[in-house]
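Summary of the model geometry
Single-letter residue listing:
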Amino acid sequence: MKLKFLAAVGLAATLYSCDDTTTGVGEFVADADEITASAQTFEATTKTLKYTDLNQNGVFSRTSSAYLGKFTDPDFGTYTTDFITQINCTEGFEFPENIEKIEATTLELSYASFFGDSLAPMKVRVDVLKEAIDDTGENLGLYYTSYNPEDFYNANGAPLAEQEYAVRDNSWTDAEIDSIKSANGYYPPLIIDLDKKSTWNIGDEQKTGTFSEYLQAKYNEDKNNFKDANSFIHNVLHGFYVHNTGGEGSILYIGDIWLRMKVSYWVDSSEGKLDSLVYTSIPFAATNEVFMSTRLSNSEETLNSLAGEKEHTYLKTPAGLCTEVKLPLQEMYDALGTDTLNSVSMAFTKYKNVSDNSASSPYKMGTPQNLLLIRKNEVKDFFEQRKNYDSKTTFLGTYSSTTNSYSFSQVNRLISQIFSDMRTKEEPTEGWDEYNTMVLIPVKTETDSQGNTIGLSHDLEVNSAKLIGGEGEEGEKIKMEVIYTKPKFNK
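Residues numbered from 1 in each chain as written. Predicted model: local features only at pLDDT ≥ 70, side-chain atom pairs only at ≥ 80, totals over all residues. Heavy atoms only, no water.

**Thoughts on the overall build of the chain**
Along the backbone of the chain there are 10 helices and 24 strands. Across the 491 residues of the chain, 49% fall into the buried class. Within the chain, counting contacts between residues at least 6 apart in sequence, those at least 24 apart form 78% of the total. Entry remark: accessible area of the chain is about 22,800 Å², with carbon and sulfur atoms responsible for 44%. (Helix = DSSP H or I, 4+ residues; strand = E, 2+ residues; numbered from the N terminus. Buried < 20%, exposed > 50% of the residue type's maximum accessible area, 1.4 Å probe, protein only. Contact = heavy atoms within 4.5 Å. Areas by Shrake-Rupley, 256 points an atom, 1.4 Å probe, with all protein chains shown as cover.)

**Brief notes about the environment of N184**
Summarising the element assignment, N184 is placed in helix α3 (residues 174-184). N184 sits in the partly exposed class, given a relative accessible area of 47%. Reaching out from N184, the side chain makes a polar contact with the backbone nitrogen of Y186 at a distance of 2.8 Å. (Polar contact = N/O pair within 3.5 Å; in protein donor to acceptor, adjacent residues only side chain to side chain.)

**Let's talk about the environment of E213**
Mapped onto the secondary structure, E213 falls in helix α4 (residues 211-221). According to the relative accessible area criterion, E213 is partly exposed, its value standing at 48%. As for E213 and A104, which are separated by 109 residues in sequence, their C-alpha atoms are 8.9 Å apart.

**Considerations on the pattern of salt bridges**
A complete count under the given rule lists 18 salt bridges for this structure. A salt bridge links E324 to K376; the shortest N-O distance between them is 3.0 Å. Of the two residues, E324 is situated in strand β16 (residues 321-326) and K376 in the loop between β18 (370-375) and α8 (379-384); the sequence distance between them amounts to 52 residues. Classification of K376 as partly exposed rests on a relative accessible area of 30%. Several salt bridges converge on common partners, so that one network encompasses K47, E324 and K376. (Salt bridge = Lys/Arg side-chain N within 4 Å of Asp/Glu carboxyl O.)

**Thoughts on helix α9 (residues 412-424)**
Between its first and last C-alpha atoms α9 spans 18 Å; for 13 residues at 1.5 Å apiece the expected length is 18 Å, and the two agree. Those residues of α9 that sit buried are N412, L414, I415, I418, F419, D421 and M422. (Expected span 1.5 Å × (residues − 1).)

**A short note on the side chain of S231**
Looking at where S231 falls in the secondary structure, it is placed in helix α5 (residues 229-235). Classification of S231 by relative accessible area gives buried; the value is 9%.

**Structural notes on the nonpolar core**
A general trend in soluble globular proteins is that nonpolar side chains are found buried together. By size, the foremost hydrophobic cluster in this structure holds 45 residues, and its most contacted members are L109, F211, F240, I257 and F284. The greatest single-element share of this core, amounting to 6 residues, is contributed by strand β12 (residues 250-268). Residues contacting F284, with those up to four places away along its chain left out, are I87, N88, C89, F93, F226, F232, I257, W258, L259 and M261. Counting residues in hydrophobic clusters, the runner-up holds 44 residues, among them Y51, L303, L396 and V443. (Core = buried A, V, L, I, M, F, W, Y, C linked by side-chain atoms within 4.5 Å.)

**A closer look at the pairing of strand β6 (residues 122-128)**
Consecutive side chains of a regular strand alternate in pointing toward one face of the sheet and then the other. Among the 7 residues in β6, 6 count as buried, and that is most of the element. Bridging between β6 and strand β7 (residues 161-165) involves 5 bridges; their strand directions are antiparallel. Residue pairing across strands places K123 opposite E164, the latter belonging to β7. Two elements, β6 and strand β11 (residues 240-246), share 6 bridges in a ladder whose sense is antiparallel. Residue pairing across strands places R125 opposite H243, the latter belonging to β11. (Pairing = 2+ DSSP bridges.)

**Side note on the packing of aromatic side chains**
What the rule picks out here adds up to 27 aromatic pairs. Residues Y153 and Y241 carry aromatic rings whose centres are separated by 4.8 Å and whose planes lie at 45° to one another, so their mutual orientation is tilted. Pair noted here: Y153 is in the loop between β6 and β7 and Y241 is in strand β11, with a separation of 88 residues, a long-range link. Residue classification places Y153 among the buried positions, given a relative accessible area of 8%. Seen from their ring centres, F382 and F383 are 5.2 Å apart, and the 80° between their planes marks the pair as edge-to-face. Exposure class is identical for F382 and F383. Each is buried. Here the aromatic residues F93, F95, Y219, F226, F232 and F284 are joined through ring pairs into a cluster of three or more. Over the aromatic face of Y279 sits the side chain of K262, whose NZ or CZ is 5.3 Å from the ring centroid. The lysine or arginine in question, K466, covers the ring of Y351, its NZ or CZ lying 5.0 Å from the ring centre. (Phe/Tyr/Trp six-rings, centres within 6.5 Å; stacked < 30°, edge-to-face > 60°. Lys NZ or Arg CZ within 6 Å of the ring centre and 35° of its normal.)

By themselves, these observations are geometric and do not establish any function.
Set out below in structure tokens:
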């Protein structure tokens with residue numbers, strides 16, 4: 001009996017996968033036991049949803065990357081991003097014995113890629129945080145993209161540094177840039193001189209002297225200020241708020257952040273006397289062990305307008321637009337509630353790039369490469385708890401340039417579980433369809449050395465897609481192709 005049942009399922013799956021014309025209503029009957037494998041089509045509806053409708057705080061952005069810049073797109077409006085970061089101090093750190101002085105200090109932002117105009121003139125400002133942020137892991141709100149930076153720094157105080165920059169540093173030749181990029185995967189870093197200001201603020205307290213002088217004074221005051229990250233962050237440097245104050249046209253995707261100190265110190269000469277002055281570079285890094293969070297801001301007016309379009313749906317990252325998917329669960333249950341769902345698949349087809357028709361913008365957004373299909377009411381916990389998709393209640397679809405779509409083929413596992421709930425549990429007040437509303441969210445994948453996906457996070461790069469779908473009479477329904485088996489006693 002089991003072998004015949006499996007044979008029927010295999011036959012149905014084979015026919016289904018080989019010929020798309022079998023995905024309408026049809027039947028495949030297996031031998032005398034009459035286990036019937038059938039195919040039926042249902043329709044899901046979609047609409048565009050703003051991320052802030054999912055969570056008014058934006059998206060959860062606990063990643064090791066930072067983003068900086070401002071860009072205006074003719075279709076999606078203005079987008080800005082900046083970040084807060086702390087700097088790690090390794091345990092037991094000490095400057096070289098017989099240190100003369102900290103000669104210079106810089107903040108280096110290393111980026112492997114960017115979006116926009118590499119020559120756009122920009123201006124960055126660096127402020128020192130007014131107090132230490134104790135990231136105990138309990139206040140997850142620290143990692144949402146809509147935090148108010150003025151809660152963490154004195155906007156009216158004097159900044160530590162201000163500097164103009166462009167993605168493409170013209171002090172480097174093309175050959176030099178290519179060589180550096182080839183060697184370590186990064187462009188020449190954005191190096192911000194932290195010693196140009198003689199007065200600057202930590203909160204309401206104004207400091208006089210260069211930042212290097214301040215660091216050395218803190219070390220001379222008590223070496224234990226530098227004994228570990230916690231001491232350094234509380235007693236020396238609470239952290240930085242790095243943000244743009246001028247220009248627009250580019251977004252940096254920052255992978256590494258370094259506080260680099262050039263130090264001079266004395267060493268013994270050949271005669272055994274301290275008469276040789278040497279120099280070294282000492283880097284402190286922003287790492288996963290200390291706090292970092294990115295702030296994002298999108299043009300709300302533009303997003304509201306796009307979300308109101310009913311002829312299609314949108315995806316826009318970061319923290320812009322996603323797509324809501326409502327499954328016809330009650331209809332499916334009424335038709336197939338006592339049957340075995342062997343396969344439920346659906347595909348979301350992408351239009352050509354939204355900005356391809358915008359002659360005014362030569363910078364085309366990328367396409368989101370991975371979409372997470374998840375219940376709308378589970379999004380918050382999924383990202384905060386750093387869950388991975390399980391192909392049971394959460395599903396990962398990868399963009400195929402061949403079909404120009406994202407496909408999901410194992411949704412039967414979720415729907416079978418929902419059917420079980422419909423048989424045994426009380427119906428939610430809003431109804432089964434509404435309670436189990438799904439969303440498509442662009443994500444970045446984290447993989448191990450074997451290429452297995454071990455984690456997901458929100459896609460925070462500048463990407464977009466317009467999908468076939470929509471709501472009301474203007475929209476197009478999404479086909480859900482179902483393969484199911486119906487034993488004789490259920491016929």
